[in-house]
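# Commentary on secondary and tertiary structure
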Protein chains: 2
Amino acid sequence: MSPPLANLDHQTRRDFLRSLTAASSLFVTTKSTAADADKAHADVVALLKPGKEKILILLYPGFTALDAIAPHYVLAGMTGASVKFIAATLDPVPSESGFTVSPQLSFDQCPDKPDLLLIPGGTAGTVQAIENPALLDFVRHTGEASTMAGGICTGGLILGAAGLLKGRRATSHWQTLDLLPIVGAEPVKQRVVIDVNRITCGGVTAGLDLGFELLRQYRGDFYAQGVQLLAEYDPQPPFPKAGNPATAAPEVVALLNHMHSDYVAGWGKKLSAVMEQRAK
Amino acid sequence: MSPPLANLDHQTRRDFLRSLTAASSLFVTTKSTAADADKAHADVVALLKPGKEKILILLYPGFTALDAIAPHYVLAGMTGASVKFIAATLDPVPSESGFTVSPQLSFDQCPDKPDLLLIPGGTAGTVQAIENPALLDFVRHTGEASTMAGGICTGGLILGAAGLLKGRRATSHWQTLDLLPIVGAEPVKQRVVIDVNRITCGGVTAGLDLGFELLRQYRGDFYAQGVQLLAEYDPQPPFPKAGNPATAAPEVVALLNHMHSDYVAGWGKKLSAVMEQRAK
């Protein structure tokens, strides 16, 4: 189901305003003190105020679709915000899993001062992306022009390769965390890391938590809770400890490290080469 | 990053086999007893055995992209499995958020006996979908031909409208849970519900948990833990209680119920009408 208040047409919006009038009286009756009631009322008023955030999520061949679509879902719940996929051209972009997703803007249609640029991760496609100077130039230029720029999973390494993480605290997929110093960033073992105007997060599913953290900052706790409830984000991982290398079964960690050792080493070399070349 | 073992080419696969030989000795050294070591070894062998599951995820105009892409990510991690988006035609399908996703199969290219058919939810588009007899016929026919058929969020109501939840225990987005009796199902307040060959789950993000439950059943606990670690599925919701109506702030629940009361009532009427018409 769609986040509330998003893409409301005129009629729906009028109905919604009427609903809120009724709902706000609900708040008053469920609140115990006058101060609480005032606070709840203020929340509703804040909730009603649509924003105008211009949010861009980059697509490039081989991106991991879930990295891009999880924060898109969360942020698209903000009334008035424009949340668009952007790519070099308007051609559909092949994801890592084969299917394509359509960008809604091409690089030359990029708005002047976006509020947010987000970059999803991937595997081989993400390594290829950092070898594409036009893509890195776009990321650097647009990231610098944006109020906030961020990366999900290995997407943070694209941000870094573009020079946008120098001197910043940042995170990445747990298997690529140690590569962050190559782009001048300080690795932090944390699900979501914000350093002034840069936001990064762990692997794939961490994009949901990054999305909610941004939503909370843009629209406040009440709004974020509304979207969280609508998304029924009450996660029940099948193995509560399996998603974090610090708590997962050591043999599973060892296997994944073994499987990806060449890949991670290759990442490091390419990243070093790109940083050296771009420093010239 | 991509799930391990998926889409391996010949060379990568050979490398992987070599890696596993090394990794399995790691297991032996980290295991305390011979029985544990045997078990770990058996896990590795099981892990290596690629399957041939044919998995279909339906796309229809207005589907919620996250509902479809979360389980796609998880299941695409199974070596040898074919996980494809299917739609009436091969034209890109507009999601609820405006961007399109490309189906990889059209209805007339549907395999004979799929292992799994999954149906994502949506809002207005999902209500429209149940008024499309060709789509419901496809779901009924393909769902009956599949070993397992399931729905994410309001996608379960499409499954139900096609007649596939009669007499079954099932769940749905918390706001549409009470509509399940209209399609002859018994509502269960649970994140993921399996009843023989039907699987349903709660709203939007519950599709991740549904995906992992299926992965565990197809490939075992060890494999599922591997994909969970790769996806870094160690969720940290910003508000730990906000994603479940039973624990969320009452004013947030009240607001969402108020906002969606007309929508849910409309769903109920359309669903009743469709069930009546199809019973004729």
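Just above, that's the structure.
Please read these numbers as outputs of a predicted model, since none were measured by experiment. (Residues numbered from 1 in each chain as written. Chains lettered and ligands numbered in written order. Predicted model: local features only at pLDDT ≥ 70, side-chain atom pairs only at ≥ 80, totals over all residues. Heavy atoms only, no water.)

Quick look at the overall build of chain A now. Summing up its helical and strand segments, chain A has eight helices and 11 strands in all. For chain A, long-range pairs separated by at least 24 residues make up 67% of all intrachain contacts whose partners lie at least 6 apart in sequence. When the accessible surface of chain A is split by element, carbon and sulfur atoms take 53% of a total near 10800 Å². (Helix = DSSP H or I, 4+ residues; strand = E, 2+ residues; numbered from the N terminus. Contact = heavy atoms within 4.5 Å. Areas by Shrake-Rupley, 256 points an atom, 1.4 Å probe, with all protein chains shown as cover.)

The relative placement of two packed helices is expressed as an angle between their axes plus a distance between the axes. Two elements in contact, helix 7 (residues 206-230) of chain A and helix 8 (residues 250-279) of chain B, have axes whose closest approach is 10 Å; the angle formed by their N-to-C orientations is 65 degrees. The two elements helix 7 of chain A and helix 8 of chain B meet at a crossing, and its hand is right-handed. Here helix 7 of chain A contributes Phe222(A), Gln225(A), Gly226(A), Leu229(A) and Leu230(A) to the contact with helix 8 of chain B, which in turn contributes Glu251(B), Val252(B), Val253(B), Leu255(B), Leu256(B) and His260(B). Split by residue class, the contact of helix 7 of chain A with helix 8 of chain B holds seven nonpolar, three polar and one charged. (Axes fitted to C-alpha atoms, helices over the stretch in contact; angles between N-to-C directions. Left-handed = near helix turned anticlockwise from the far one by under 90°. Nonpolar A, V, L, I, M, F, W, Y, C, P; charged D, E, K, R; others polar.)

Listed by partner, the interface residues are 82 residues for chain A and 83 residues for chain B. In total, chain A and chain B occlude about 7300 Å² of area from one another, counting both sides; carbon and sulfur atoms represent 69% of this. Where chain A packs against chain B, one counts zero salt bridges. Counting every contact that joins chain A to chain B gives 24 residue pairs in polar contact (both at pLDDT 80 or more). Mapped by element, the contributors of at least two residues to the side of chain A that touches chain B are helix 1 (10-30), helix 3 (65-75), strand 4 (100-101), helix 7 and helix 8 (250-279) of chain A. It is helix 7 of chain A that contributes the most residues to the side of chain A that touches chain B, 12 residues altogether. Split by residue class, the side of chain A that touches chain B holds 45 nonpolar, 27 polar and 10 charged. (Buried area = accessible area lost by both parts, 1.4 Å probe. Salt bridge = Lys/Arg side-chain N within 4 Å of Asp/Glu carboxyl O. Polar contact = N/O pair within 3.5 Å; in protein donor to acceptor, adjacent residues only side chain to side chain.)

Pairing of side chains with opposite charge becomes possible as their charged atoms draw close. Per the counting criterion, the structure on display carries 14 salt bridges over all chains. Lys270(A) is the salt-bridge partner of Glu131(A), the closest N and O atoms lying 3.8 Å from each other. Of the two residues, Glu131(A) sits in the loop between helix 4 (124-129) and helix 5 (133-145) while Lys270(A) sits in helix 8, which places them 139 residues apart along the sequence. Residue classification places Glu131(A) among the partly exposed residues on the basis of a relative accessible area of 42%. We classify Lys270(A) as partly exposed; its relative accessible area is 35%. Measuring nitrogen to oxygen at the nearest pair gives 2.9 Å for the salt bridge that ties Glu213(B) to Arg216(B). Here the residue Glu213(B) and the residue Arg216(B) both occupy positions in helix 7 (residues 206-230), the gap between them amounting to three residues, near one helical turn. (Buried < 20%, exposed > 50% of the residue type's maximum accessible area, 1.4 Å probe, protein only.)

Moving on, we get to the sheet that holds strand 11 (residues 198-201) of chain A. All names here are of chain A. Strand order in this open sheet of seven strands is 5-2-1-6-7-11-10, and the pairing throughout is mixed. The open sheet has two edge strands, strand 5 (105-106) and strand 10 (192-195), and neither has a second partner. Sheet topology places strand 2 (residues 82-87) next to strand 5; two bridges connect them, and they run parallel. Paired with Ala87 across the strands is Ser106, a residue of strand 5. Packing of helix 7 onto the sheet brings it into contact with strand 1 (54-58), strand 6 (116-119), strand 7 (148-152), strand 10 and strand 11, and relative to strand 11 it is tilted by some 150 degrees. (Pairing = 2+ DSSP bridges.)

Here we take up the state of the cysteines. Across all of its chains, the model carries zero disulfides over all chains by this definition. There is no disulfide at Cys201(B), and the cysteine sulfur nearest it, in Cys153(B), is 7.6 Å away. (Disulfide = S-S within 2.5 Å.)

As a further point, take the side chain of Asp234(B). Within the secondary structure layout, Asp234(B) lies in the loop between helix 7 and helix 8. Of the side chains bearing the opposite charge, Arg191(A) lies closest to the buried Asp234(B), which forms no salt bridge; the N-O distance is 4.9 Å. If we ignore the near neighbours within four places in the chain, the residues touching Asp234(B) are Arg191(A), Thr205(A), Gly243(A) and Asn244(A). (Lys, Arg positive; Asp, Glu negative; His and termini not counted.)

Moving on: the relation of the copies chain A and chain B. With an RMSD of 0.0 Å, chain A superimposes on chain B once it is rotated by 180 degrees and translated 0.0 Å along the axis. The transformation just described matches what one would write down for a two-fold rotation axis. Rotation axis and chain A: the residue whose C-alpha lies nearest the axis is Val101(A), separated from it by 2.4 Å. Most of the interface of chain A is mirrored in chain B, where 100% of its interface residues again form contacts. (Least-squares fit on C-alpha atoms with pLDDT ≥ 70 in both.)

This next bit is on the environment of Ala248(B). Note on placement: Ala248(B) falls in the loop between helix 7 and helix 8. Considering only alpha carbons, one finds Ala248(B) and Phe63(B), 185 residues apart in sequence, at a separation of 26 Å. Apart from residues no more than four positions distant in its own chain, Ala248(B) is found in contact with Leu229(A), Lys241(B), Ala242(B) and Val253(B).

Let us look at helix 7 of chain B. Residue and element names in this part refer to chain B. In a regular helix each residue adds 1.5 Å, so 25 residues correspond to 36 Å; helix 7 covers only 18 Å between its end C-alpha atoms and thus falls short of that length. A maximum bend of about 130 degrees is found in helix 7 at Gly220. Helix 7 sits mainly inside the fold: 20 of its 25 residues count as buried. Downstream of helix 7 by one or two residues, Glu232 has phi in the positive range, about 45 degrees. (Expected span 1.5 Å × (residues − 1). Bend = angle between axes of the 7 residues up to and from the residue.)

What follows covers the packing of aromatic side chains. All told, the structure shown has six aromatic pairs over all chains when counted by the stated rule. Ring geometry for Phe99(A) against Phe85(B): centres 4.7 Å apart, planes inclined by 65 degrees, an arrangement best described as edge-to-face. A residue pair is termed interchain when its members come from two chains, as with Phe99(A) in the loop between strand 3 (93-94) and strand 4 and Phe85(B) in strand 2 (residues 82-87). Overall, Phe99(A) belongs to the buried group, its relative accessible area being 1%. On the basis of an interplanar angle of 5 degrees and a centroid distance of 5.5 Å, the ring pair of Phe212(B) and Tyr233(B) is categorised as stacked. Taken as a pair, Phe212(B) in helix 7 and Tyr233(B) in the loop between helix 7 and helix 8 lie far apart in primary sequence, 21 residues in all. Accessibility assignment for this pair places Phe212(B) and Tyr233(B) in one class, buried. Note that Arg219(A) overlies the ring of Tyr223(A), its terminal NZ or CZ placed 5.7 Å from the centroid. (Phe/Tyr/Trp six-rings, centres within 6.5 Å; stacked < 30°, edge-to-face > 60°. Lys NZ or Arg CZ within 6 Å of the ring centre and 35° of its normal.)

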